[in-house]
Amino acid sequence: MMKIKTITCHDVYNVGAALQAYALQKYLIDCGHEVEIIDYKPDYLSRHYNLRSVDNSRYDVPVIREAYLVAKLPKRLKARKSERKKNFDIFRTDCLHLTRRYSSFDELQRTPPLADIYLAGSDQIWNPLLQNGRDPSFYLAFAPREKVRASYAASFATEQITDEDKLQMKPMLAELDAVSVREKSGIGILEEMGIRGTEVCDPVFLLSPSVWEKTAQPQGFKGIVFMYDFDDSGFVQSAAKKIADDQGKNIVSFFPTGIEATIADYMGPREFLGTLLEADVIVSNSFHATAFAIMFHKEFFVINRKENLNTRMRDLLATMGLEDRLIDSLSDLDHVKPIRWDVVTERIERQVKVSVAYIDHVLHIRK
């Protein structure tokens, strides 16, 4: 039995982030290891429901800052008492095994949690467009050099990174004993830095659909179109409405929306899974909504994000042979091919086999 510590963005009130953190931990625990997620919450990951957070730097100046915080206070007080926050907090307490709280890289470096193996990942921990992508904590720079340090399914979330970012990342990546990333494009980025990497699946695929069904909390929906739209995208909404109208179904939306829908703004990770299982069709611009749609064999459509984060969804669809599920116009909805789930299952099993072999390799590194 190994003592393993993982580090990822596990507590940011995002269902994908929470579920991928849980998946890697549960898989390793089921393999017989002692596993904890490092409860790393620097300031930039602690702004959710923070009454003194200023989300826009333009307002973070004297006098204007105070007026901004007063204006935001009523909505933030309401959000702190919301069912969504409560359900996320329950999931964290019930499902995630955490170390003590760490608030900075310096704190981690001074008193790192003890482990035989440290794993960085999964999800967008190396996204250079986000602060965590530049944080040495997510490259395990705090971990003792005599211990095994590796990544699992880390994501750059983009096809290209700047030379400046490569200069910062390369020395930290070179110190890892093994490197794996979630997307094929990530392998290309690693190669540009002279780093050898392995492409593995997102941790959610390491657990069987039956395990996820036991984790899910049913919501009582029947025959719905489930819309999971990060961008408040008019195109996502139009696509969901067209499908619902064509098939005579109701829409359930995770986020508030301008179209007619049941707004399920109370959902945490388990409620999200329950709704995915109950849906007939899933329309999203989310990597993890797409991953679970594939795992649960659901009819689904993917819309590009406004942000530069579409690479990870394109790579996932390409890996599964489902590129036509990325929709660019409403007319595309009428021309998709039926999904050959037997072929998709074979592809998942193939990638899981590679991923399990990589994890087994990391577990048997001796230093």
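See the structure above.
Criteria and thresholds
- Residues numbered from 1 in each chain as written.
- Predicted model: local features only at pLDDT ≥ 70, side-chain atom pairs only at ≥ 80, totals over all residues.
- Heavy atoms only, no water.
- Helix = DSSP H or I, 4+ residues; strand = E, 2+ residues; numbered from the N terminus.
- Polar contact = N/O pair within 3.5 Å; in protein donor to acceptor, adjacent residues only side chain to side chain.
- Contact = heavy atoms within 4.5 Å.
- Pairing = 2+ DSSP bridges.
- Core = buried A, V, L, I, M, F, W, Y, C linked by side-chain atoms within 4.5 Å.
- Buried < 20%, exposed > 50% of the residue type's maximum accessible area, 1.4 Å probe, protein only.

Caption draft 1: A look at unusual backbone geometry. Residues Gly121 and Ser122 are joined by a peptide bond in cis, for which omega reads 15 degrees. Turning to its location among the elements, Ser122 is positioned in the loop between strand E4 (117-120) and strand E5 (148-151). In this model, Leu140 sits at a positive phi of 65 degrees, which is unusual for a non-glycine residue. In this fold, Leu140 is placed in the loop between E4 and E5. For His297, which is not a glycine, the phi torsion comes out positive at approximately 55 degrees. With respect to the helices and strands, the residue His297 is situated in the loop between helix H10 (287-295) and strand E12 (299-303).

Caption draft 2: Expanded view of the side chain of Gln237. Mapped onto the elements of the fold, Gln237 is located in helix H8 (residues 234-247). Among the polar contacts made by the side chain of Gln237, one reaches the side chain of Asp232 at a distance of 2.8 Å. Among all residues touching Gln237, those that are not within four sequence positions of it are Met227, Asp229, Asp232, Thr257, Gly258 and Ile259.

Caption draft 3: Seen up close, the sheet that holds strand E13 (residues 326-327). Pairing is parallel across the open sheet formed by six strands, whose spatial order is E10-E9-E8-E11-E12-E13. Two strands bound the open sheet, and with one partner strand each, they are strand E10 (262-263) and E13.

Caption draft 4: Representation of the nonpolar core within the structure. Judged by nonpolar contacts, the single largest core of 72 residues is most densely connected at Phe205, Trp212, Phe226, Phe272, Phe292 and Phe300. Per-element tally for this core: the top contributor is helix H1 (residues 15-30), with nine residues. Apart from the residues lying within four places of it in its own chain, the contact partners of Phe292 are Leu19, Val204, Trp212, Phe272, Leu273 and Leu276. Core analysis: the next-biggest nonpolar cluster, separate from the first, contains 35 residues, Ile38, Ala115, Trp126 and Ala143 among them.

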